[in-house]
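Inside the fold
As a plain string of letters, each chain reads:
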Amino acid sequence: MKSTLEEMSLEFSVQVIKLCDSIHNRAHIKNQMLRSACSIGANIREAQYGYSKADFICKLQIALKECHETFYWLELLVRTETVKEDEAKSIEKMCSKIRFLLIRSLNTAKQREMK
């Protein structure tokens, strides 16, 4: 059974792929955003099978970094008027929710590691 974070990150990747499919220019930015967006879910999945608590935390930290990077690329696409702001809103909102959940999960994992 998939966790909320796994489900959200998968749906997030799907939405980013669909958005990128609608973009017909700025291939370099589009490719960077696709890589970072899809990496979020991949690292979350990988964390579930980490060989240690430290590995689990490391993978979630990478997912969080990729989340921040994806948000940057999305913001850049909006500011360059490649993507309309209203098209990006739901993806930005989903990205923010994933970031929040990742931070919360990381804080919990780090507290448990100290015990």
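Parameters and conventions
All residue numbers here refer to positions counted from 1 along the written sequence of the relevant chain. Local features are withheld for residues below a pLDDT of 70 in this predicted model, meaning they are given only at 70 or higher, and side-chain atom pairs are given and counted only at 80 or more; totals for whole chains, interfaces and linings count all residues. To obtain the side-chain values, all non-hydrogen atoms of the structure were used and water was disregarded. Only DSSP runs of H or I covering at least 4 residues are called helices, and only runs of E covering at least 2 are called strands; the numbering of each starts at the N terminus. Based on C-alpha atoms, the radius of gyration is set beside the globule rule, defined as 2.2 Å times the residue count to the power 0.38. Only heavy atoms enter the contact rule, under which two residues are in contact if any of them lie within 4.5 Å. Using the Shrake-Rupley algorithm and a 1.4 Å probe, accessible areas are obtained, with residue cover drawn only from the displayed protein chains. Neither His nor the chain termini are counted; the positive set is Lys and Arg, and the negative set is Asp and Glu. We put the charge of a Lys on NZ, of an Arg on CZ, of an Asp on CG and of a Glu on CD. Here the axes come from fitting lines to C-alpha atoms, over the contacting stretch only for helices, and the angles between their N-to-C directions go from 0 to 180 degrees. Here the word oblique covers every angle except those under 35 degrees (roughly parallel), over 145 (roughly antiparallel) and from 65 to 115 (roughly perpendicular). Note: crossing handedness is left-handed where the near helix turns anticlockwise from the far helix by less than a right angle, and right-handed where it turns clockwise. Only Asp, Glu, Lys and Arg are considered charged in this grouping, and only Ala, Val, Leu, Ile, Met, Phe, Trp, Tyr, Cys and Pro are considered nonpolar; every other residue, Gly among them, is considered polar. The buried label applies to any residue whose accessible area, calculated with a 1.4 Å probe on protein chains only, is under 20% of its type's maximum; exposed applies above 50%, and partly exposed to all values in between.

Concerning the overall build of the chain
Within the chain, the regular secondary structure consists of 4 helices and 0 strands. For the chain, the succession of helices and strands along the chain, N to C, is α-α-α-α. Here the C-alpha atoms of the chain give a radius of gyration of 15 Å, agreeing with the 13 Å that 2.2 N^0.38 yields for 115 residues. Structurally, the chain occupies a C-alpha span of about 50 × 25 × 20 Å along its principal axes. Nonlocal contacts in the chain, meaning residues at least 24 apart in sequence, comprise 74% of its contacts between residues at least 6 apart. Accessible surface for the chain amounts to roughly 7,200 Å². Of this, 53% is attributable to carbon and sulfur atoms. In the chain, 19 side chains carry a positive charge and 15 a negative one; their mean positions are 4 Å apart.

Examining the packing of helix 3 (residues 53-79) against helix 4 (residues 85-114)
To describe two helices that pack against each other, one gives the angle between their axes and the distance between the axes. Direction vectors running N to C along helix 3 and helix 4 enclose 160°, while the axes themselves pass 9 Å from each other. When the axis of helix 3 is compared with that of helix 4, the two are roughly antiparallel. For the pair helix 3 and helix 4, the sense of crossing is left-handed. Each residue belonging to the contact of helix 3 with helix 4 can be placed in one class, and the counts come to 18 nonpolar, 4 polar and 6 charged.

Let's talk about unusual backbone geometry
The phi angle at Arg26 is positive, at roughly 55°, despite the residue not being glycine. Topologically, Arg26 is positioned in the loop between helix 1 (4-21) and helix 2 (27-48). One non-glycine residue with positive phi stands out, namely Glu81, at about 60°. Within the secondary structure, Glu81 sits in the loop between helix 3 and helix 4. Exposure remark for Glu81: the relative accessible area of 71% places this residue in the exposed category.

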